[in-house]
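Topology and contacts: notes
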Amino acid sequence: MTELGPNPLAAGEHNISVDEARQAIAAALVPIQGDETIPLLAAQGRILAADLISPIDVPAHDNSAMDGYAFNAGALPAGTAWTLRSVGTIYAGQPWGSPVAEGECVRIMTGAVMPEGLDTVVPLELCRVEGELVQVAPGTVKPGENRRKAGEDLARGKPALVAGRVLRPADVGLAASLGFTELRVRRRLRVALFSTGDEITAPGQPLAPGHIYDSNRFTLASALQRLQMEVIDLGLVPDDRAALQAAVDEAIERADVVLTSGGVSAGDADYTRDILRARGEVAFWKVAMRPGRPFAFGPLQAAGAAEAAGASAGRTSWLFGLPGNPVAALVTFYAFARQALLQLAGAVPADTVPPLLQARSAAAIRKRPGRTEFQRGIVYCAADGIWEVRPVGSQGAGVLRSMSEANALIVVHHGQGSVAAGEPVSVWLFDGLV
Ligand code: AMP
Ligand code: MG
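Residues numbered from 1 in each chain as written. Chains lettered and ligands numbered in written order. Predicted model: local features only at pLDDT ≥ 70, side-chain atom pairs only at ≥ 80, totals over all residues. Heavy atoms only, no water.

Counting through the fold element by element, R217 comes out in helix α3 (residues 216-226). Note on R217: relative accessible area 9%, which makes it buried. In terms of polar contacts, R217 uses its side chain to reach the side chain of D233, at 2.9 Å. For R217, the residues in contact, after removing those within four places along its chain, are L193, F194, S195, A202, D233, G235 and L236. (Helix = DSSP H or I, 4+ residues; strand = E, 2+ residues; numbered from the N terminus. Buried < 20%, exposed > 50% of the residue type's maximum accessible area, 1.4 Å probe, protein only. Polar contact = N/O pair within 3.5 Å; in protein donor to acceptor, adjacent residues only side chain to side chain. Contact = heavy atoms within 4.5 Å.)

What follows is the structure, encoded as structure tokens:
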């Protein structure tokens, strides 16, 4: 085993920090090519392929921001009371045809188009109305107030959304507000997924003594579905050279990413390394983190890709070899794979990094500097209104229930030591608003 050299991506085994691993991955990846047109209602979570240029001004016309009376304040003397004569009512969506003279006003509804020549709206509740006369006390409104200008939200020809945006509900609504019915998005990232291990059994099958059910494939497939990625489920692969070779080759053939769990720790059979090394420059890391030390990453090419002119020739698949331990598999997925897969799928950097928030730690956390620790935590609002986090009961690396109970990961950074109760800690929330 070598110490971390200048290139952590070189094939071989390296000690590496979480940040170094993240940087090495980000530096290596090249986003996939290819896009498709999809209906607006299928667009949430997908990645915009090109800037979405607004074909219209939003709003399309000057309009009223209030229910009130529209008039031309610019033409009236400043600093005095105004008495205006109301000449009618304009509703949203109905044009006003006739001119409005100086000293006249029109009752106007929010969103209704401002008549030609009028610049100001006085809100209904701020004026006194007697019959058709509307009294406005001095200083109630300034000229131009309560009028939304055409193109104020978005000018025609300007980008409403930029390429690489991971589309959220408001973005889909924004596209609809511009009249779009379809969007051009990146094709889905194809991720081939398999679990390894002779002791692993598919749910639905009888469980032999000493065997356990495969949970990683289901955890990871679900995480990929949330990211709107295409899951190619290659099932369970026994600890067997030929079976692993076949699974790796099929995965490279069909997918942009090969996501595996298990079989990458130092104690695992050597042929895993042989097979992966034969297909690419795979680095095996011992990451200074807990849980989740072993991690494999690197580019893979189809067998004989250099010589063959087949469909997959020259195309790279990226291996993310996660540890088998169920908590470690998901923690390393969140710590490395999630961001990397979004980057590969074409997302802008700002949309790949989940916010790292601060919460007050309800308990003391023992930790020594020199590695990053991820504890499962529950974030809640304490009695004094401050958001607090407490570690869930069992932090055992194999205890998937702790991950299920938790709503956040507590991230205790590489250089950090123990945390006292009451001190702030970093947290990653599992969920944001949808
Ligand atoms: P490994 O990394 O293959 O040495 O596995 C580490 C631990 O995780 C072992 O206890 C395995 O039984 C367990 N494990 C590996 N793969 C899975 C899986 N797909 N589902 C649940 N547990 C697993
Ligand atoms: Mg194993």
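Next comes the rest of the description.
Applying the stated criterion across every chain yields a total of zero disulfides. You can see C127 has no disulfide; the closest cysteine sulfur is in C105, sitting 7.8 Å from it. (Disulfide = S-S within 2.5 Å.)

As a further point, take the packing of helix α1 (residues 18-28) against helix α6 (residues 326-345). Packing of α1 against α6 leaves a shortest axis separation of 10 Å and a crossing angle of 20°. Considering their axes alone, α1 and α6 lie roughly parallel with respect to each other. In the crossing of α1 with α6, the sense of the turn from one axis to the other is right-handed. Facing V18, A21, R22, I25 and A26 of α1, the residues of α6 in contact are A335, F336, Q339, A340 and Q343. Of the residues assigned to the contact of α1 with α6, the class counts are seven nonpolar, two polar and one charged. (Axes fitted to C-alpha atoms, helices over the stretch in contact; angles between N-to-C directions. Parallel < 35°, antiparallel > 145°, perpendicular 65-115°, else oblique. Left-handed = near helix turned anticlockwise from the far one by under 90°. Nonpolar A, V, L, I, M, F, W, Y, C, P; charged D, E, K, R; others polar.)

Another point: a negative patch on the surface. On the surface, a cluster of negative charge is contributed by D198, E199, D239 and D240. Within the fold, D198 resides in the loop between β14 (190-196) and β15 (200-201). (Patch = residues over 30% accessible without salt bridge, like charges linked within 9 Å, V, L, I, M, F, W, Y side chains within 5 Å. Areas by Shrake-Rupley, 256 points an atom, 1.4 Å probe, with all protein chains shown as cover. Salt bridge = Lys/Arg side-chain N within 4 Å of Asp/Glu carboxyl O. Lys, Arg positive; Asp, Glu negative; His and termini not counted. Charge placed at Lys NZ, Arg CZ, Asp CG, Glu CD.)

Okay, the domain arrangement of the protein next. The extent of an interface is frequently quoted as the accessible surface area lost upon association of the parts. Domain annotation for the protein reports domain 1 (12-34 + 187-351), domain 2 (37-57 + 153-186), domain 3 (63-148) and domain 4 (357-433). Measuring from the centre of the C-alpha atoms in domain 1 to the corresponding centre in domain 2 gives 32 Å. Opposite the 13 residues of domain 1 that make contact, domain 2 presents ten residues. Buried area between domain 1 and domain 2, summed over both chains or domains, comes out near 900 Å², and the portion from carbon and sulfur atoms is 49%. Here domain 1 is connected to domain 2 by zero salt bridges. Our count for the domain 1 to domain 2 interface comes out at four residue pairs in polar contact (both at pLDDT 80 or more). (Domains from an automatic or database assignment. Buried area = accessible area lost by both parts, 1.4 Å probe.)

For ligand 1, the set of nearby residues contains 17 residues, the closest of which are E199, D214, G263, G324 and N325. Separating a nitrogen atom of ligand 1 from a backbone N or O atom of S215 is a distance of 3.1 Å. Note that an oxygen atom of ligand 1 is positioned 2.9 Å from one of the backbone N or O atoms of G263. Taken by itself ligand 1 offers 490 Å² of open surface, and the protein chains cover 76% of this. (Near = heavy atom within 4 Å.)

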